[in-house]
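Chain by chain, the residues run as shown.
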Amino acid sequence: MKVLNSLNDLDKFLNSSGEINFVPTMGNLHYGHLKLVTEANKFDGVTLASIYVNPLQFGPNEDLDVYPRTLDQDLMHLEAISCDAVFCPAPDFAKNAIKLSANSALSKKLCGISRPHFFDGVITILNYLFQLVRPTNVFFGLKDYQQYLIVKDFLINSNLNIDIHGVPTQREEDGLAMSSRNNLMSSQQRINAKHLPVILKEIAKRSKYENLADLKIEGIERLEKLNFNVDYFLFCNSTTLEELFKFEPNTLVAIAAKLGNVRLIDNFIIQ
Ligand code: AMP
């Protein structure tokens, strides 16, 4: 596997490669990230991952400084699953990116309310990477469902001609969605965290038959009893992210909640 540390390295690699299947990440790779690479490997061409903790998507009081960085281990994992190359730019890589805004109708909802600059930061860095890499296919996890929709919308409205592929959420044995932030929890927080997907899924299933406003209150109360500080617990249209007050096919049930300083997100779609 080639490790590309500079734009020059990246250019050389791109010039000697055919179609690029691209998996952008912020590192501290777990099985969820690796699943994206495995999916990318199924397509013709070469698989390129990137590891870059993007400062533009962190707010002033967020966890940029403590975000886990485990580059050596990440490279071993990528090599083991036959990733062809990984681009690991320097921490100041973002400084040359042209600042863009994400679709406001999608980015001002859910996570965009408590993290107002988050999706602009995501789109800015992805556009920069996409312009440099010119991939044919890109792979994104459905755990970050809002991000997936916003990137999809960005690609539809760009002339980049890139296909986006959403990969299902990979979970720990107890159901907790895999996340680099899971490592930041205390052991007691980790025990409590396993209830989040259980409660979310149970309520999601009942959403077909019961009053959504009541279910939302119940969900928040059950999580608060487990020390979660709930940012949002919402039933939404899975295309527009508009909040729903009555079940419809493909309802998205989405949550963001903090345990101490660790912010967890998860979602299910009920057909
Ligand atoms: P991150 O490093 O957190 O920016 O994530 C990089 C990519 O991995 C994004 O497309 C995420 O949606 C995806 N990802 C993160 N966790 C998971 C998971 N548990 N299952 C599937 N994809 C994931």
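Computed from a predicted structure; not experimentally measured.

The rules we used
- Residues numbered from 1 in each chain as written.
- Predicted model: local features only at pLDDT ≥ 70, side-chain atom pairs only at ≥ 80, totals over all residues.
- Heavy atoms only, no water.
- Helix = DSSP H or I, 4+ residues; strand = E, 2+ residues; numbered from the N terminus.
- Rg over C-alpha atoms; globule rule 2.2 N^0.38 Å.
- Areas by Shrake-Rupley, 256 points an atom, 1.4 Å probe, with all protein chains shown as cover.
- Lys, Arg positive; Asp, Glu negative; His and termini not counted.
- Charge placed at Lys NZ, Arg CZ, Asp CG, Glu CD.
- Buried < 20%, exposed > 50% of the residue type's maximum accessible area, 1.4 Å probe, protein only.
- Polar contact = N/O pair within 3.5 Å; in protein donor to acceptor, adjacent residues only side chain to side chain.
- Near = heavy atom within 4 Å.
- Nonpolar A, V, L, I, M, F, W, Y, C, P; charged D, E, K, R; others polar.
- 1 Å grid on protein atoms, 1.4 Å probe; cavity = no way out; pocket = protein on both sides within 12 Å on 5 of 7 lines; lining within 4 Å.
- Points joined across faces, edges and corners; volume = space filled by probe spheres on them.
- Domains from an automatic or database assignment.
- Buried area = accessible area lost by both parts, 1.4 Å probe.
- Salt bridge = Lys/Arg side-chain N within 4 Å of Asp/Glu carboxyl O.
- Pairing = 2+ DSSP bridges.
- Axes fitted to C-alpha atoms, helices over the stretch in contact; angles between N-to-C directions.

**Observations concerning the overall build of the protein**
Consideration 1: Along the protein, the regular secondary structure elements total ten helices and nine strands.
Consideration 2: A compact globule built from 271 residues would reach a C-alpha radius of gyration of about 18 Å, and the protein, at 19 Å, matches this within 12%.
Consideration 3: Counting only C-alpha atoms and orienting by the principal axes, one finds that the protein spans roughly 55 × 40 × 35 Å.
Consideration 4: When the accessible surface of the protein is summed, it comes to about 13200 Å², and 51% of that surface belongs to carbon and sulfur atoms.
Consideration 5: For the protein, the distance from the average position of its 27 positive side-chain charges to the average position of its 31 negative side-chain charges is 3 Å.

**Considering the side chain of D266**
Consideration 1: With respect to the helices, strands and loops of the structure, D266 is situated in strand β9 (residues 262-270).
Consideration 2: Here D266 falls in the buried class, since its relative accessible area comes to 2%.
Consideration 3: A distance of 2.9 Å separates a polar atom in the side chain of D266 from a polar atom in the side chain of R171.

**Some details on the site of the ligand**
Consideration 1: As a matter of local geometry, the ligand sits amid 17 residues, with M26, G141, D144, Q170 and M178 nearest to it.
Consideration 2: At 2.9 Å, a backbone N or O of M26 approaches an oxygen atom of the ligand.
Consideration 3: For the ligand, the accessible surface in isolation is 490 Å², of which the surrounding protein chains cover 92%.
Consideration 4: When contributions to the shell around the ligand are tallied by element, the ones reaching two or more residues are β2 (20-25), α2 (31-41) and β5 (137-141).
Consideration 5: Ranked by the residues each element gives to the shell around the ligand, the list is headed by α2, at three residues.
Consideration 6: Considered class by class, the residues forming the shell around the ligand number seven nonpolar, eight polar and two charged.

**Let's talk about the layout of surface pockets**
Consideration 1: Reported here for the largest pocket is a volume of approximately 400 Å³.
Consideration 2: Lining of the largest pocket is provided by 17 residues; of these, N61, E62, K258, N261 and R263 occupy positions nearest its centre.
Consideration 3: Mapped by element, the contributors of at least two residues to the lining of the largest pocket are β7 (229-237), β8 (251-259) and β9.
Consideration 4: The class makeup of the residues in the lining of the largest pocket is five nonpolar, five polar and seven charged.
Consideration 5: The residues that make up the lining of the largest pocket include at least three from each of domain 1 (2-167) and domain 2 (180-265).
Consideration 6: In this structure, the second largest pocket spans a volume of roughly 280 Å³.
Consideration 7: Around the second largest pocket, the lining is made up of 17 residues, and of these I51, Y52, V53, R69 and P89 lie nearest the centre.
Consideration 8: Split into classes, the residues belonging to the lining of the second largest pocket amount to twelve nonpolar, three polar and two charged.

**Structural notes on the domain arrangement of the protein**
Consideration 1: Partitioning the protein into domains gives domain 1 (2-167) and domain 2 (180-265).
Consideration 2: Each of domain 1 and domain 2 was reduced to a C-alpha centroid, and the two centroids are 26 Å apart.
Consideration 3: Summed over both sides, the interface of domain 1 with domain 2 buries roughly 1600 Å², with 58% coming from carbon and sulfur.
Consideration 4: Contact with domain 2 buries surface across domain 1, with K109, L110 and Y145 losing the most and accounting together for 35% of the total.
Consideration 5: With a shortest N-O distance of 2.8 Å, R181 and D63 are connected by a salt bridge.
Consideration 6: Our count for the contact surface shared by domain 1 and domain 2 stands at eight residue pairs in polar contact (both at pLDDT 80 or more).

**Re the sheet that holds β8**
Consideration 1: Within the open sheet, the three strands sit side by side as β7-β8-β9. Their pairing is antiparallel. With partners counted over all chains shown, the strands left at the sheet margins are β7 and β9, one partner each. Within the sheet, the average angular offset between the axes of one strand and its neighbour, ignoring direction, is 10 degrees.
Consideration 2: Here β7 runs beside β8; their pairing, made up of eight bridges, is antiparallel. Bridge pairing links N237 to T251 in β8.

**What to know about the sheet that holds strand β4 (residues 85-87)**
Consideration 1: Judged by pairing direction, the sheet is parallel, and its six strands sit side by side in the order β1-β4-β3-β2-β5-β6 without closing on themselves. Only two strands of the sheet have a single partner each, and these edge strands are β1 (2-4) and β6 (163-167). The average angle at which neighbouring strand axes cross in this sheet is 25 degrees, direction not considered.

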